[in-house]
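# Remarks on the overall topology
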Amino acid sequence: MSPAQWGIVAVMVGLNALDGFDVLSISFASPGITQDWGIDRAALGIVLSMELLGMALGSLVLGGLADRIGRRATILGCLGIMATGMFGAASASGVMILCAWRVLTGLGIGGMLAATNAAVAEAANARHRSLCVVLMAAGYPVGSVIGGSISAVLLTHYGWRAVFVFGGVATLAFIPLVLWRAPESIAFLMHRRPTDALGKINATLKRMRQSTVAALPAPEPVRPGAPILALFEPALAPLTALLTLAYLTHIMTFYFILKWIPKIVVDMGFAPSAAAGVLVWASLGGACGSLLLGLLTARIRLLALTIVAMLASTVLVVVFGQGARDLAQLSLVAGMTGFCTNAGVVGLYALIARAFPTGVRATATGLVIGVGRGGSALAPALAGGLFAIGYGLPMVAVLMALGSAVGAAALIALRSRITA
């Protein structure tokens, strides 16, 4: 792979890091919101779920758009939507308005996830494709670590609104970076054949230090109708169904941990800044788990690695629910839990990128993420409801850990259909 290809991958890693911070910004801000507005756990669970609903809609709608107008154009549009939502959240005066801005932010994040997953898969060569997709997905916890560290400082000196202002500024900063370093993918241009496709492809080939071409081969037939319909034809329907189930159930466990850590830690008697620090440890563990999984894909089947990570996630979420004696022990358990939950998520992203062809890759990613994130929006609210009716943290953790176990079972059922 050329430096230009690795540069595209690096930009997509940064964009996923931005997603990681933007999603978790509400978690960093939640203790301050609770204190300022006096809302209970059940109401907070709903607030924590709002951008997940937006992500579901964004993945379903904008993921398909990325297969029609391009990965780059979709990414740029999503950045504008995300920045608007972050600045809007910083100015919110009540729960309902805050929820609306978080839905809008989630809309942009959902479309971004579908487009970046496809863009990375198409920028990489066959040898490094799984590694590059895993690296891209690993940006999510890296963004949480960096954003969480900055949030801990902001929360010490300013109110919770500063977290959203920082997120909005960081989002806007990525627009010129995408324009500079992330051209439209050659695979998309070959498939859709927009105006001057040959010129655009040759310009990208030159950046990648590859030989240009005098003419394009005969185009692949473009299927009539929406790309999403192809996902439910006999050849792809089992992949679509089982990968969607695996993502949906595992991501519910994932978001229970990420969304509730700050509030749980504050309820144990620690300061909001300390709670942000524990979430940073969970994200740091997630980054390590993601990178290790990426390195191991060169030697071990991706499917097997993902199944093991999700089974380990089940065990560690239960362990996290047993509580800890002090902040150091709590941070250690959170880091180990983040290690396994994030490894499972990035493994699923890589499986999706390898399982589906170019013409439906972003649509498939959008569908899987959309249904998964829409369903996972129930996770923070469900946990909040369980807490509200009197269940303690140990039992809530056991129930929420079951999602990873079901996801692993779905992937085991896919063993005969995925060679990765």
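Residues numbered from 1 in each chain as written. Predicted model: local features only at pLDDT ≥ 70, side-chain atom pairs only at ≥ 80, totals over all residues. Heavy atoms only, no water.

### Here's the deal with the overall build of the protein
Helix and strand counts for the protein stand at 16 helices and 0 strands. Over its C-alpha trace the protein gives a radius of gyration of 21 Å, about what one expects of a compact globule, namely 22 Å for 420 residues. Projecting the C-alpha coordinates of the protein onto the three principal axes gives extents of approximately 70 × 45 × 35 Å. Counting all 420 residues of the protein, 57% fall into the buried class. Put simply, 83% of the contacts in the protein that link residues at least 6 apart link residues at least 24 apart. Roughly 15600 Å² of accessible area belongs to the protein as shown, and the carbon and sulfur atoms make up 68% of that amount. Between the mean site of the 26 positive side-chain charges and the mean site of the 13 negative ones, the protein shows a separation of 10 Å. (Helix = DSSP H or I, 4+ residues; strand = E, 2+ residues; numbered from the N terminus. Rg over C-alpha atoms; globule rule 2.2 N^0.38 Å. Buried < 20%, exposed > 50% of the residue type's maximum accessible area, 1.4 Å probe, protein only. Contact = heavy atoms within 4.5 Å. Areas by Shrake-Rupley, 256 points an atom, 1.4 Å probe, with all protein chains shown as cover. Lys, Arg positive; Asp, Glu negative; His and termini not counted. Charge placed at Lys NZ, Arg CZ, Asp CG, Glu CD.)

### Looking at the pattern of salt bridges
Summed over the entire model, instances satisfying the criterion amount to 4 salt bridges. Salt-bridge contacts for R71 lead to E122; the nearest nitrogen and oxygen are separated by 2.5 Å. Of this pair, R71 sits in helix α3 (residues 71-90) while E122 sits in helix α4 (residues 95-123); the two residues are 51 residues apart in sequence, bridging distant segments of the chain. Each member of the pair R71 and E122 is classed as buried. A salt bridge links R361 to E122, with the shortest nitrogen-to-oxygen separation between them at 3.2 Å. You can see R361 sitting in helix α14 (residues 358-376) and its partner E122 sitting in helix α4, a full 239 residues away along the chain. Connected through salt bridges with shared partners, the residues D67, R71, E122 and R361 form a single ionic network. (Salt bridge = Lys/Arg side-chain N within 4 Å of Asp/Glu carboxyl O.)

### Details of the environment of A115
Here A115 lies in helix α4. A115 gets classed as buried once you look at its relative accessible area, which sits at 0%. With sequence-adjacent residues up to four places away left out, A115 is seen in contact with A66, R71, T74 and I75.

### Notes on the nonpolar core
The nonpolar side chains of soluble globular proteins are, as a tendency, buried together. In terms of nonpolar packing, the biggest core is built from 124 residues, with M12, L15, L243, F256, I261, F356 and L411 touching the most fellow members. Not counting the four nearest positions on each side in its chain, M12 is found in contact with I75, T116, A119, V120, M136 and A182. (Core = buried A, V, L, I, M, F, W, Y, C linked by side-chain atoms within 4.5 Å.)

### Points about the packing of aromatic side chains
Per the counting criterion, the structure on display carries 8 aromatic pairs. Plain terms: the ring middles of W37 and W160 are 5.4 Å apart, the flat faces sit at 80° to each other, and that makes the pair edge-to-face. With W37 in helix α1 (residues 3-37) and W160 in the loop between α5 (129-157) and α6 (161-181), this pair connects stretches of sequence that are 123 residues apart. Residue W37 is classed as partly exposed on the basis of its relative accessible area, which comes to 25%. With 6.1 Å between their ring centres and 85° between their planes, W160 and F164 make a pair best called edge-to-face. According to the relative accessible area criterion, W160 is buried, its value standing at 3%. Classification of F164 by relative accessible area gives buried; the value is 0%. Members of the aromatic cluster, each reached through a chain of ring pairs, are F21, F28 and F166. We note R181 situated over the ring of W180; from NZ or CZ to the ring centre the distance is 5.2 Å. (Phe/Tyr/Trp six-rings, centres within 6.5 Å; stacked < 30°, edge-to-face > 60°. Lys NZ or Arg CZ within 6 Å of the ring centre and 35° of its normal.)

### Some thoughts on unusual backbone geometry
With a phi close to 60°, D196 is a non-glycine residue in the positive phi region. Of note, R209 is a non-glycine position whose phi angle comes to about 60°, a positive value. Here R209 is to be found in the loop between α8 (197-207) and α9 (227-230).

### Brief notes about α3
Helix length check: α3, at 20 residues, gives a terminal C-alpha distance of 29 Å against a target of 28 Å (1.5 Å per residue), a fit within 8%. Regarding α3, the residues found buried are R71, T74, I75, C78, L79, M82, A83, G85, M86, G88, A89 and A90. (Expected span 1.5 Å × (residues − 1).)

### Re the packing of α1 against helix α2 (residues 41-69)
Viewed as axis vectors pointing N to C, α1 and α2 meet at an angle of 160°, and their least axial separation amounts to 10 Å. If you check the angle between α1 and α2, you find them roughly antiparallel. The chirality of how α1 crosses α2 is right-handed. Between α1 and α2, the residues in contact are V23, I26, S27, S30 and T34 and L44, V47, L48, E51 and M55, respectively. Among the residues forming the contact of α1 with α2, the class breakdown is 6 nonpolar, 3 polar and 1 charged. (Axes fitted to C-alpha atoms, helices over the stretch in contact; angles between N-to-C directions. Parallel < 35°, antiparallel > 145°, perpendicular 65-115°, else oblique. Left-handed = near helix turned anticlockwise from the far one by under 90°. Nonpolar A, V, L, I, M, F, W, Y, C, P; charged D, E, K, R; others polar.)

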